[in-house]
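Observations on chain architecture
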Amino acid sequence: MENEKRFSEIVNFRRSTRHYDNSKALDPEKVKSCIELATLAPNSSNMQLWEFYHVTDTGILQKLARAYHSQMAATTAQEMVVFVTRQDLFRKRARKMMELEIQNVLKNSQPQKHEKRIKRWRQYYGIVMPLLYARFFGVLGFIRKTVGILVGIFRPSMYQLSESDMRVVVHKTCGLAAQTFMLAMAETGYDTCPMEGFDSRMVKKILKLPFGAGINMVISCGIRKEGGIWGDRMRIPFDEVYRRI
């Protein structure tokens, strides 16, 4: 359709907005729809170890802005979305995925292949995923990493198996959701700013997050004010970062 943006236009429209125009209101339902699109982002083993906190309450926004040292992208934001990692939910999410894949097998595979394929998914989500994501003061990660090194002597192996490595995996996939959200917002005509430099303990306290939750990213939302984008966009010359092999 004529009014739809091409993907290149969406990517070019998205800029980190530092100052929002509070005379122009956001529709919270449209922001919610963008968060729904973010849930479609790719993620490791489809574990979806994330949660999304859509903040529209003025009092909470003010508290979050303080946690961000009152930077303008926070103080002028009409809404914020907090992307939270939930590695602590790995058992619950693994069970859900195992149930889903078993149903997929029963629905889409030939009956004679059911037993073998169901067994494979039970092993993957019932044993492998819990072993990968479990944490115990670094001990389990050390054991996993040692096994990976030993296996690597004989064949290709996965070495990033420590507890900190798995934390990185969870944050990477949550980051994919955050980027999908920002592009969805750009397609809607809304602006965003992924903010760093914050008091994570304060943010967790404000949102009443459990101990096992982590803050991946807080994204402020609004409509850019004139001058709210700081200067022209700059990127390192493409030939310095592009390698064709």
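To keep things clear, this report deals only with the structure shown in the data block.

1. A few points about the nonpolar core
Ranked by internal contacts, the top residues of the largest apolar core, which has 22 residues, are M80, V82, M195 and V203. Per-element accounting of this core gives the leading share, four residues, to helix α3 (residues 58-67). Beyond its immediate chain neighbours, meaning those up to four positions away, V203 contacts L64, A67, Y68, V82, F198 and I215.

2. Section: the sheet that holds strand β1 (residues 50-55)
Ordered by their spatial adjacency, four strands build an open sheet running β1-β2-β4-β3, and the pairing between neighbours is antiparallel. Two strands in the sheet have a free side with no partner beyond their single neighbour: β1 and β3 (191-195). Pairs of neighbouring strands in the sheet enclose a mean axial angle of 20 degrees, with direction left out of account.

3. A look at helix α7 (residues 139-152)
For an α-helix, the turn length of 3.6 residues means that residues three or four places apart are oriented alike. Along its 14 residues, α7 runs 20 Å from first to last C-alpha, staying within 8% of the 20 Å computed at 1.5 Å per residue. Buried within α7 are the following residues: G141, R144 and G148. Taken around the axis of α7, the buried residues stretch over an arc of 65 degrees, which confines them to a single face. The elements touched by buried residues of α7 are α6 (114-133) and α8 (163-188).

4. Some thoughts on the pairing of strand β4 (residues 214-222)
With nine of its nine residues buried, β4 lies for the most part within the structure. Of the strand pairs in this sheet, strand β2 (residues 79-85) and β4 are connected by seven bridges, and their pairing is antiparallel. Bridge pairing in β4 links E79 to C221. Bridge count between β3 and β4: five bridges; the pairing is antiparallel. Opposite M195, over in β4, you have V218 as the bridge partner.

5. Focus: empty space enclosed by the protein
In this structure the tally under the stated criterion is one cavity of 30 Å³ or more. Taken as a whole, the largest cavity encloses approximately 40 Å³ of empty space. Forming the boundary of the largest cavity are N43, S44, M47, Q48, L49, Y133, V169, V170 and T173. Considering each element in turn, the lining of the largest cavity owes the most residues, three residues, to α8. In terms of residue class, the lining of the largest cavity is made up of five nonpolar, four polar and no charged.

6. Observations concerning the layout of surface pockets
In this structure, the largest pocket encloses a volume near 410 Å³. Taken together, the elements giving at least two residues each to the lining of the largest pocket come down to α8, α9 (200-207) and β4. It is α8 that provides the largest number of residues to the lining of the largest pocket, a total of three residues. Classifying every residue of the lining of the largest pocket by side-chain character gives seven nonpolar, six polar and four charged. Space inside the second largest pocket adds up to approximately 350 Å³. Within the residue set of the lining of the second largest pocket, elements represented by two or more residues are α6 and α7. It is α7 that contributes the most residues to the lining of the second largest pocket, six residues altogether. Residue composition of the lining of the second largest pocket, grouped by class: 12 nonpolar, two polar and two charged.

7. Brief notes about α6
Taking 1.5 Å per residue, 20 residues should reach 28 Å; α6 reaches 27 Å between its end C-alpha atoms and fits that length. The largest bend in α6 is about 30 degrees, located at Y124. Three or more residues of α6 are buried, namely H114, I118, W121, Y125, M129, P130, L132 and Y133. Tucked into the core, α6 has its buried residues touching α5 (90-108), α7 and α8.

Conventions and cut-offs
- Residues numbered from 1 in each chain as written.
- Predicted model: local features only at pLDDT ≥ 70, side-chain atom pairs only at ≥ 80, totals over all residues.
- Heavy atoms only, no water.
- Core = buried A, V, L, I, M, F, W, Y, C linked by side-chain atoms within 4.5 Å.
- Buried < 20%, exposed > 50% of the residue type's maximum accessible area, 1.4 Å probe, protein only.
- Helix = DSSP H or I, 4+ residues; strand = E, 2+ residues; numbered from the N terminus.
- Contact = heavy atoms within 4.5 Å.
- Pairing = 2+ DSSP bridges.
- Axes fitted to C-alpha atoms, helices over the stretch in contact; angles between N-to-C directions.
- Expected span 1.5 Å × (residues − 1).
- Arc of directions from axis to C-beta.
- 1 Å grid on protein atoms, 1.4 Å probe; cavity = no way out; pocket = protein on both sides within 12 Å on 5 of 7 lines; lining within 4 Å.
- Points joined across faces, edges and corners; volume = space filled by probe spheres on them.
- Nonpolar A, V, L, I, M, F, W, Y, C, P; charged D, E, K, R; others polar.
- Bend = angle between axes of the 7 residues up to and from the residue.

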